[in-house]
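# Summary of the model geometry
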Amino acid sequence: PSAIPATAVKPTKVDVWMTTVSEARDRSKSMNERAFSAARAARKSHKITSMSRRKGMIQTSKSVGAVNNHRAKDYNLDRLRAKVQTSLLERQETADAIAACTLKGYRIVNAWVTFSEEQSCVDCIDAVNGSNKRVREETGIAGGIARIAGGIAEIAGGVARNSGTARIIPTGRFSKRPSETLGVDVCSFEGTHRLDVKQAKQAPSDVLWENLSYPVSTMWKRKLRSVAATVILILINAAIISGAKTQIRRLPAKLLCIDTGAGGKHLDCPAIWNLANSSSVAGEDTARLDISPFVATDATALTCRPFMGNGRFLGNMTSYNGFYTNKNASVVAAFRASTAAGSRKLWDGGFDPISNVDECAAHVCYGCYCSEKGYWDYDNNADGLGDFCKEYWDNEILRQIILAFGIMVSSAMNIVLKELNVVLSKMEHDHSHTKQELSIAARMMVSLTINSALLPMLMAADITELRRVPFLFKGDFSEVNAQWYSEVGNLVVQVAAVNAVTFPLSCLSKVWLWKLKIYFFSPYIRTQQQLNQLYRPPRFLLSERYGPFLAAMVYTIVFSSGMPILYMVLMLWCALQMAVDRVTLLHYCASPPRYTGKLAALLIHMVPVSVLLHFGVATYVFGERSLPSFTLAGGVSGKWFEGGNVPVTGNQTQIVDRDLTDDDQWDLSARIARVNGIVPTVAMVATAMAMGAAYGCLARKRQPEEMEAEGCPPVREAIALGLLSGPASYSITQNPEYQHLFPPGHPVSEGL
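Below or above, wherever it landed, is the structure these notes cover. (Residues numbered from 1 in each chain as written. Predicted model: local features only at pLDDT ≥ 70, side-chain atom pairs only at ≥ 80, totals over all residues. Heavy atoms only, no water.)

## Overview of the state of the cysteines
Note the following rule: Only a pair of cysteine sulfur atoms within 2.5 Å qualifies as a disulfide here. Strands here mean DSSP runs of E at least two residues long; helices mean DSSP runs of H or I at least four residues long; both are numbered from the N terminus.
If you walk through the whole model with that rule in mind, you get 4 disulfides. Across the disulfide, Cys 269 is cross-linked to Cys 365 (sulfur-sulfur distance 1.9 Å). Across the S-S bond of Cys 269 and Cys 365 the torsion is about -80°, and the bridge reads as left-handed. Here Cys 269, found in helix H8 (residues 269–272), pairs with Cys 365, found in helix H12 (residues 357–379); they are 96 residues apart in sequence, far enough to count as distant.

Structural data, given as structure tokens:
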């Protein structure tokens, strides 16, 4: 018999998705269990759809929002019904509020009239100009005198007509409005209100409708609030920088190693402590051992300030030259024994027990020697410098950390100022995008220029007459010299360099933040409106580009006479800003609204002002007395080595010999009297004359009393031919920014 084949058992297929959907529809289960089953079914369906999309079997868009998250609570019908009910109640409350406003009536704050023909607009503007001119004549001084004279004449005529009965009839401005005394007035509305008719300066897309209810008359209050907030933030930055400077003053002073070598006029380091010929070898380390007790004292920049000025040592140490080599051997040995480590409990004052001039001089010689050897030799402990120069390099590292902290704080405050100015300007409620952007850019320019350049300079300046000003004018420099450039100028350049990188990147950060918001918040989106709002690209604001760049341009041009490297920093800024703007505008940001040319005009007007200030700063910097120059009187060339011994306050035994006689800080004539100062002065005067002539010509070109037609086609024809860009009407219902708030046919849109 043939073999009987075995019966093949076909495996049973289980549709997990249908099973979970059936469980979700099972009303015998609790709502939480049904929601969990529905979420599981949705997750299964999403996996199947994703797999089919990857294989090319179907073409569907990627799921986003709550439908891609598959959370059980999003499928809980009880929870969803409660949220829908709450949303309906809120919507009804909003509708009731709108209905109440509609019944009450809107307060009219502005109106636009679009003329079909250009000549009609010209006739309207001419009529308004004529009306305003008559009102000025009627309400002016001459008109007031004429009305008083007419009133007196009318009183006299009334007395004569009424046989001695005087009846005063006030006329003109005493009883009536100008519109009533002038007869028919095109600007008079119902005889009780005067309309302010002006030609519209902004495009329809430039209008900020939500700000039109804020009167222009109170704008100064809102601007004053913004200025006060900006000043407070700058003062906070000044307080932080002042604290950093206080910490630096607790370190030994860092001076220019000028005239401290052999033959130095005030301090001859080799003649007292010949560190250059010393080493760590026993017997050759005498100079290091001699100076160590002085260096171990706390001779800070604050305590040494009477013996220093403008970055140079001015204390007289010439009487101690050759102390260890020319003095009696027993005296030197006794002095070394008294200052040696472990031989005393308290420092007895060194060479001069009643002043700190010797301790300060020792720190100067010690610092110059260690800085000349360099950090590399210190780090490798060459010739014992790792131990000997440890205190110097520890202080230098701490100094650089404090300076870096100050730069970081200033740069961070600049970014905060930028964002704060945007917020404050929006709170001023300007009536157009252009005015708002102009306000942001102008305030950014002023505040960032002060915070980045002027504040560090004023805090480092030493001006006796202005020391009562908080945080300012209590610095270490009364002149602009080499040490000033090493400290203050270097700080300004570093802050400018950081700004050149951080500000362009801050414009790009809005795109990064937008992408991160999409990544983190898209799983929690539940409605299409929320999704559209989340995916709306960030705005491209010209003000946050113009404002910082204007500040950079101003302080670069103004102070480039002494710091020309600022031009290189500005070029770096331009390159980075151009690259960032191309990427953000072409790929990520929304198109900006149509602006007028006021932002560009602000830039154009600031350039000549900056050039004028540039020559003024150059006159003060290059006219400094210590620079080689020729005097106009006598033709004497070279540096000034004139005199003067000035006693140090609180110590009449030590005399500070100032080798360079300083000019008075307010004596500008002394600086102009030198060739180095007269050249930029002449350029400044020429620039001022050219600016005066140019702005005089602009002032004479006022708006004509009569408007002239320019040959524009009728509005309907221009719209039909596509000659208009942007909205074709000033109606709020046609503005893309507000269309969703005023839907056609809705009661809220009635009358608009």
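## Overview of unusual backbone geometry
Spelled out, the test is: For the exposure calls, accessible area comes from a 1.4 Å probe over protein chains only, and a residue counts as buried if that area is under 20% of its type's maximum, exposed if over 50%, partly exposed in between.
With a phi close to 55°, Asp 383 is a non-glycine residue in the positive phi region. Topologically, Asp 383 is positioned in the loop between H12 and helix H13 (385–388). We classify Asp 383 as partly exposed; its relative accessible area is 38%. Within the chain, Phe 473 stands out as a residue other than glycine whose phi angle is a positive 60°. Structurally, the position occupied by Phe 473 is in the loop between helix H15 (433–460) and helix H16 (482–521).

## Overview of the packing of aromatic side chains
Rules: What counts as a ring pair is set by centres within 6.5 Å for rings of Phe, Tyr and Trp (its six-membered ring), and what kind of pair is set by the plane angle: stacked under 30 degrees, edge-to-face over 60, tilted for all other angles. Charge-over-ring contacts are defined here by two conditions on Lys NZ or Arg CZ: a distance within 6 Å of the ring centre and an angle within 35 degrees of the ring normal.
Enumeration according to the criterion identifies 19 aromatic pairs in this entry. Between Trp 273 and Phe 294, the aromatic rings sit 5.3 Å apart at their centres with planes inclined by 65°, giving edge-to-face as the arrangement. Residue Trp 273 is located in the loop between H8 and helix H9 (286–295), and its partner Phe 294 is located in helix H9; the two are separated by 21 residues in the primary sequence. The structure contains a cluster of three or more aromatic residues connected by ring pairs, namely Tyr 366, Tyr 369, Tyr 375, Tyr 378, Phe 388, Tyr 392 and Trp 393. It is Arg 545 that lies over the ring of Phe 540; its NZ or CZ is 4.0 Å from the centre.

## Focus on the packing of helix H14 (residues 390–427) against H15
Threshold: The axes are straight lines fitted to the C-alpha atoms, using for helices just the contacting stretch, and the angles between their N-to-C directions are given from 0 to 180°. Here is the rule for angles: anything less than 35 degrees is roughly parallel, anything more than 145 is roughly antiparallel, 65 through 115 is roughly perpendicular, and the remaining ranges are oblique. Rotating anticlockwise by less than a right angle from the far helix to the near helix defines a left-handed crossing, while the corresponding clockwise rotation defines a right-handed one. In this description, contact between two residues means that some pair of their heavy atoms is separated by no more than 4.5 Å. For this classification, Asp, Glu, Lys and Arg are treated as charged, while Ala, Val, Leu, Ile, Met, Phe, Trp, Tyr, Cys and Pro are nonpolar and the rest, including Gly, are polar.
With their axes 9 Å apart at the nearest point, H14 and H15 run at an angle of 155° to one another. On the basis of their axis angle, the class for H14 and H15 is roughly antiparallel. Crossing angle aside, the handedness with which H14 passes H15 is right-handed. Between H14 and H15, the contacting residues are Ser 410, Met 413, Asn 414, Leu 417, Lys 418, Asn 421, Val 422, Ser 425 and Lys 426 on the first element and Gln 436, Ser 439, Ile 440, Arg 443, Met 444, Ser 447, Leu 448, Asn 451 and Ser 452 on the second. Classifying every residue of the contact of H14 with H15 gives 6 nonpolar, 9 polar and 3 charged.

## Concerning the pattern of salt bridges
Here is the rule we go by: Basic side-chain nitrogens of Lys or Arg form a salt bridge, by our definition, when they fall within 4 Å of a carboxyl oxygen of Asp or Glu.
Applying the stated criterion across every chain, the model contains 18 salt bridges. Put simply, Arg 399 and Glu 396 hold a salt bridge, and the shortest N to O gap is 3.0 Å. Placement of both Arg 399 and Glu 396 in helix H14 is noted, with a separation of 3 residues, approximately one turn of the helix. Here Lys 418 makes a salt bridge to Glu 544, at a shortest N to O gap of 3.9 Å. Note that Lys 418 is positioned in helix H14 and Glu 544 in helix H18 (residues 543–559), a separation of 126 residues in sequence.

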